[in-house]
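# Residue-level structure breakdown
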Amino acid sequence: MHQIQLTHFHTPSELHQSLSLSLYIITFINIMSRMAEPLAVGRVIGEVVDTFTPSVKLNVTYNLNKTVSNGHELMPNLITTKPHVDIGGEDMRSAYTLIMTDPDVPGPSDPYLREHLHWIVTDIPGTTDASFGREIVSYEAPKPVIGIHRYVFLLFKQKTRKSVTPPTSRDRFNTRSFSQEHGLGLPVAAVYFNAQRENAARRR
Amino acid sequence: MASATTTWSMSSLKSSLASIPSSCSIRCSFRPPNSTRFRPNKTKPAFGSFLGLAPLNPLPTLTSGNNSYEHNFTIIDNGGRVSAMRHGRRVPKLNRPPDQRKALLRGLTTQLLKHGRIKTTRARASAVRKYVDKMITLAKEGSLHKRRQALGFIYEKQIVHALFAEVPERYGERNGGYTRIIRTLPRRGDNAPMAYIELV
């Protein structure tokens, strides 16, 4: 432990304080990037989007009590209807786009149909929720067949309103190319959850 | 030690500090970083990914002395084991006799190779890593003898043939480490710590 090292030396108290302050600075600088750590571990950053710094709050809730947290698992019967999505942002003039994709189709061991698009809502005003936006691709309930799928919610900041058009098909969707062709850039927030097929044995 | 800190001065540090958040609670699948690693020659604290191994709030432990050292040690419910060390333990026993243990590991590797991502307890996930890596290594070599060895371990033939077909292009450049473990919430029935294990 580096704490033990400090106490072994007969250092003046100023040196001691300066080292601890420097550690504080480093943790402060790294806090925003550490909020994206579960996304990096779950390979959302890497397979779906590139590395970004989350700057906007994003809360996704199914059925009023099931909040989506990174890497947690939800039952497929809970996620059949569209969730309630709250976003942050500075004011209501900025417009945001929410995209929900599944990068593990048809199965996580061999995802050759990556990705499958489930939902797009555009022109969401900042600090409101997704019902204030325009749903250009309607919500499709996730139906994982093989293995445990990740379902990723991505929030992009739009430069202008009405700049996002629906893609041609839901299959073989590519988030990076979609954001590039509509000028969305890197996402400002992301969250993901896991889901697997519910069979008769899982009656919890 | 003193050489690295002479480049900083108190006034420059204090002026560069904007506001210090007192605590950051991150809802993620990690345990809070609390491992203790002794670095005798480290003068500057490491940046980036290494920070995950440093204690999250070093200041309270610096100032409060001996009473808070227990927060830095791994606090896991170990199912009755008294010590937190692993001296000399080579094989994870998984609370089963040897034949059942082998069958469990065979079944878990078969399912992992079939589905790509499975959810089990943490102990089983870390025990199965070795066998999955072994199977993928056998598939990388690709000869008939290795194929028959894999057929003797994995329960389903189709999976072995599919494995031998796709492993060379999928894991050709990667040397080892073909799995990833992501810790997650404990199981509701018995509070067992769970984890996802997935092929890289």
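No experiment lies behind these values; they were computed from the predicted model shown. (Residues numbered from 1 in each chain as written. Chains lettered and ligands numbered in written order. Predicted model: local features only at pLDDT ≥ 70, side-chain atom pairs only at ≥ 80, totals over all residues. Heavy atoms only, no water.)

Moving on: the overall build of chain B. Looking only at helices and strands, one finds 7 helices and 3 strands in chain B. For chain B, the N- to C-terminal ordering of α and β elements is α-α-α-α-β-α-α-α-β-β. For chain B, buried positions account for 32% of its 200 residues. Excluding contacts between residues fewer than 6 apart, the proportion of contacts in chain B whose partners are at least 24 apart in sequence is 55%. Summed over all atoms, the accessible surface of chain B reaches about 12700 Å², with 53% contributed by carbon and sulfur. (Helix = DSSP H or I, 4+ residues; strand = E, 2+ residues; numbered from the N terminus. Buried < 20%, exposed > 50% of the residue type's maximum accessible area, 1.4 Å probe, protein only. Contact = heavy atoms within 4.5 Å. Areas by Shrake-Rupley, 256 points an atom, 1.4 Å probe, with all protein chains shown as cover.)

Strand pairing in a sheet is mediated by backbone hydrogen bonds. Such pairs are either parallel or antiparallel. A sheet is described by the order of its strands in space; here 3 strands give the open sequence β2-β1-β3 (chain A), paired in antiparallel fashion. Strand pairing shows two members of the sheet lacking a second neighbour, β2 (66-67) and β3 (84-87) of chain A, which therefore form its edges. (Pairing = 2+ DSSP bridges.)

Within the structure shown, the criterion is met by 18 salt bridges over all chains. The shortest N-O distance in the salt bridge between Glu166(B) and Arg170(B) comes to 3.2 Å. Of this pair, Glu166(B) and Arg170(B) both sit in helix α7 (residues 157-170), separated by 4 residues, roughly a single helical turn. A relative accessible area of 29% means that Arg170(B) is categorised as partly exposed. Salt bridges linked by common partners bring Glu47(A), Asp104(A), Arg114(A), Arg150(A), Arg117(B), Arg180(B) and Glu198(B) together as one network. (Salt bridge = Lys/Arg side-chain N within 4 Å of Asp/Glu carboxyl O.)

Moving on, we get to the confidence of the model for chain B. Residue and element names in this part refer to chain B. Residue-level pLDDT values for chain B average 75, and 60% of them are 70 or greater. Within chain B, no element has a lower average pLDDT than helix α1 (residues 2-5), which sits at 46, and none a higher one than helix α6 (residues 144-151), at 96. Overall, residues 1-5 carries pLDDT values under 50, and its contacts beyond four positions in sequence, including any with other chains, amount to 10 contacts. The model gives residues 20-49 a pLDDT under 50, and that stretch makes 52 contacts with residues more than four places away or in other chains. Among the scores for the predicted complex, ipTM is 0.73 and pTM is 0.68. (pLDDT = per-residue confidence, 0-100.)

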